[in-house]
Amino acid sequence: MNLFYSNFNESQDEIVVNENDSKHIIKSYRKSIGDIIKFTNGDGLLVEAKITEKGKKIKAKILNVHKKKRDKVSIHIAISPLKNPSRIEWFVEKATEIGVEQITPIITKHSEKKRLNYERLERIAISSLKQSNQFFKPQINQIENFSDFIVNNKEQKIMANLKTKNVLKKDLIVSDKLCLIIGPEGGFSDDEIQEAKKNKISEVSFGESRLRSETAAIFGLSILKSIIS
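Throughout what follows, the structure given in this document is the object of discussion. What you see is a predicted model, and the numbers here were worked out from it, not measured in a lab.

1. Let's talk about the pattern of salt bridges
At step 1: According to the stated counting rule, one finds 13 salt bridges in the structure shown.
At step 2: Of the charged contacts, one joins R120 and E89 as a salt bridge, the two residues approaching to 2.8 Å between their closest N and O atoms. Within this pair, whereas R120 is found in helix α3 (residues 118–132), its partner E89 is found in helix α2 (residues 85–98), the two being separated by 31 residues in sequence.
At step 3: R120 gets classed as partly exposed once you look at its relative accessible area, which sits at 35%.
At step 4: One connected set of salt bridges, linked through shared partners, spans D43, R70 and E101.

Structural data, given as structure tokens:
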């Protein structure tokens, strides 16, 4: 299925596609007036729409609307920003494909970067959503300090930590709202680990290998998806 993205809501009867996507639909997919195309808004809506006008901006009349259900268990990844932008971009792409619900960058003692290009990450998430036929675009939150995040976030939190031997297993999951916390390349500081313990955050290890942060995040997300399915 060729899936396209547009920012629309359930009450609309027509979709107006932006110039860039219109050009892509007409030139790459050779769509014309009368053709049926499928759109998602990244919030669970899938529609079939018929092209009624083409030009710089395609117009398409909505014919059918399908509302998709979110997974019963939501997964949120909190991850320290990565020094190399391409690595955080790769993470956002793959996490979107797998079906992460939220991503929050967190600043820890050993974080090397404290800024992100949110517009680019949003574009990458949309592109990945279309490519993988997902219907829910992850929410990419603003950067938070580690200490503030673990106090303010009310989900069941699980921290990846090489200094423990605990394994991520199904019996650890006690909530349908999960947050996996991934540190920077240098790992979490001893103070941060103690702070997590005081806040009753579970610690798990992904083995003896020292994984890159983005690899650990995707590995953990995949395990969670597997054990809760």
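Continuing now.
2. Quick word on the packing of aromatic side chains
The description of an aromatic ring pair uses the distance of the two centres, along with the angle that the planes make with each other.
At step 1: In total, this model carries four aromatic pairs according to the counting rule given.
At step 2: Centroid distance F4 to Y29: 5.2 Å. Interplanar angle 85°. Geometry classified as edge-to-face. With F4 in strand β1 (residues 3–5) and Y29 in the loop between α1 (19–27) and β3 (36–40), this pair connects stretches of sequence that are 25 residues apart.
At step 3: With a relative accessible area of 6%, F4 lands in the buried category.
At step 4: Both rings, one in F146 and one in F188, keep their centres 5.6 Å apart while their planes meet at 45°; by these two values the pair is tilted. Of this pair, F146 sits in helix α4 (residues 146–152) while F188 sits in the loop between β11 (177–182) and α5 (190–198), placing them 42 residues apart in sequence.
At step 5: Here a set of aromatic residues connected by ring pairs shows up, and it is made of F4, Y29 and F39.

3. Describing helix α6 (residues 213–228)
Owing to its 3.6 residues per turn, the α-helix brings residues three or four apart onto one side.
At step 1: Its 16 residues place the ends of α6 22 Å apart at the C-alpha level, agreeing with the 22 Å of an ideal helix rising 1.5 Å per residue.
At step 2: All buried positions along α6 are accounted for by S213, E214, A216, A217, I218, G220, L221, L224, K225 and I227.

4. Thoughts on the side chain of T108
At step 1: With respect to the element layout, T108 can be found in the loop between β7 (102–107) and α3.
At step 2: Every residue in contact with T108, bar those within four places of it in the chain, is listed here: S80, F146, P184, F188 and E192.

5. Considering unusual backbone geometry
At step 1: Its identity is not glycine, yet R30 carries a phi of approximately 55°, on the positive side.
At step 2: Tracing the backbone through its elements, the reader meets R30 in the loop between α1 and β3.
At step 3: Owing to a relative accessible area of 69%, R30 belongs among the exposed residues under this scheme.
At step 4: Its identity is not glycine, yet K200 carries a phi of approximately 60°, on the positive side.
At step 5: Looking at the secondary structure, you find K200 in the loop between α5 and β12 (202–204).
At step 6: For K200, a relative accessible area of 78% puts it in the exposed group.

6. Digging into the layout of surface pockets
At step 1: Approximately 380 Å³ is the volume attributed to the largest pocket.
At step 2: Looking at the largest pocket, it is lined by 21 residues, and the ones nearest its centre are A160, N161, L162, G187 and R210.
At step 3: Residue composition of the lining of the largest pocket, grouped by class: 10 nonpolar, eight polar and three charged.

Rules used throughout
- Residues numbered from 1 in each chain as written.
- Predicted model: local features only at pLDDT ≥ 70, side-chain atom pairs only at ≥ 80, totals over all residues.
- Heavy atoms only, no water.
- Salt bridge = Lys/Arg side-chain N within 4 Å of Asp/Glu carboxyl O.
- Helix = DSSP H or I, 4+ residues; strand = E, 2+ residues; numbered from the N terminus.
- Buried < 20%, exposed > 50% of the residue type's maximum accessible area, 1.4 Å probe, protein only.
- Phe/Tyr/Trp six-rings, centres within 6.5 Å; stacked < 30°, edge-to-face > 60°.
- Expected span 1.5 Å × (residues − 1).
- Contact = heavy atoms within 4.5 Å.
- 1 Å grid on protein atoms, 1.4 Å probe; cavity = no way out; pocket = protein on both sides within 12 Å on 5 of 7 lines; lining within 4 Å.
- Points joined across faces, edges and corners; volume = space filled by probe spheres on them.
- Nonpolar A, V, L, I, M, F, W, Y, C, P; charged D, E, K, R; others polar.

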